[in-house]
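The chain contents come next:
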Amino acid sequence: MKYRELGNTGLLVSEIGLGCESFAEDGYRNTKKLLDEAQSQGINYFDLYASDPKLRRL
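Residues numbered from 1 in each chain as written. Predicted model: local features only at pLDDT ≥ 70, side-chain atom pairs only at ≥ 80, totals over all residues. Heavy atoms only, no water.

Notes on the overall build of the protein
Keep this limit in mind: Helix numbers and strand numbers start at the N terminus; a helix is a DSSP run of H or I with at least 4 residues, a strand a run of E with at least 2. Buried residues are those whose accessible area, probed at 1.4 Å on protein chains only, stays under 20% of the maximum for their type, while exposed residues exceed 50% and partly exposed ones sit between those limits. Whether two residues are in contact is decided by their heavy atoms, any of which lying within 4.5 Å being enough. Note on areas: these come from Shrake-Rupley sampling with a 1.4 Å probe, and a residue is covered only by the protein chains present in the view.
Within the protein, the regular secondary structure consists of 2 helices and 4 strands. In the protein, the succession of α and β elements from N to C terminus is β-β-β-α-β-α. By the burial criterion, 17% of the 58 residues in the protein qualify as buried. Considering only intrachain contacts with a sequence separation of at least 6, the fraction spanning at least 24 residues in the protein is 48%. For the protein, the computed accessible surface area is about 4,900 Å², with 53% contributed by carbon and sulfur atoms.

Here is the structure:
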């Protein structure tokens, strides 16, 4: 996995990220499996935004 520095923070983030908005489609049943696999592949950038206002209230 290739990493880039995030601005001037000194933090290194993976060039590949994982968007999580579609995780709700299966009732979040595969969320842990998907996040664990992404992390094992070196992904450390996760976009956790969800547009569904009902979900944001949880």
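Some words on the side chain of T31
Rules: Whenever two N or O atoms come within 3.5 Å, that pair is a polar contact, provided that in protein one can donate a hydrogen and the other can accept it, and provided that, for residues adjacent in sequence, both atoms are side-chain atoms.
In this fold, T31 is placed in helix α1 (residues 31-40). Residue T31 is classed as buried on the basis of its relative accessible area of 19%. Among the polar contacts made by the side chain of T31, one reaches the main-chain carbonyl oxygen of Y28 at a distance of 3.2 Å.

Regarding the environment of K2
Relative to the helices and strands, K2 is located in the segment before β1 (3-5). Among the residues examined, K2 registers a relative accessible area of 59% and is labelled exposed. Residues K2 and E15, spaced 13 residues apart in sequence, show a C-alpha to C-alpha distance of 5.8 Å. If sequence neighbours within four positions are ignored, K2 has contacts with V13, S14 and E15.

Examining a nonpolar patch on the surface
The cut-off we apply is this: Patch definition: residues above 30% relative accessible area lacking any salt bridge, with like charges linked at up to 9 Å and the nonpolar side chains Val, Leu, Ile, Met, Phe, Trp and Tyr linked at up to 5 Å. Salt bridges are defined as contacts in which a side-chain nitrogen from Lys or Arg sits within 4 Å of a carboxyl oxygen from Asp or Glu.
A surface patch of nonpolar side chains, amounting to about 390 Å² of accessible area, comprises M1, Y3, L12 and I16. Secondary-structure assignment places M1 in the segment before β1. Classification of M1 as partly exposed rests on a relative accessible area of 43%.

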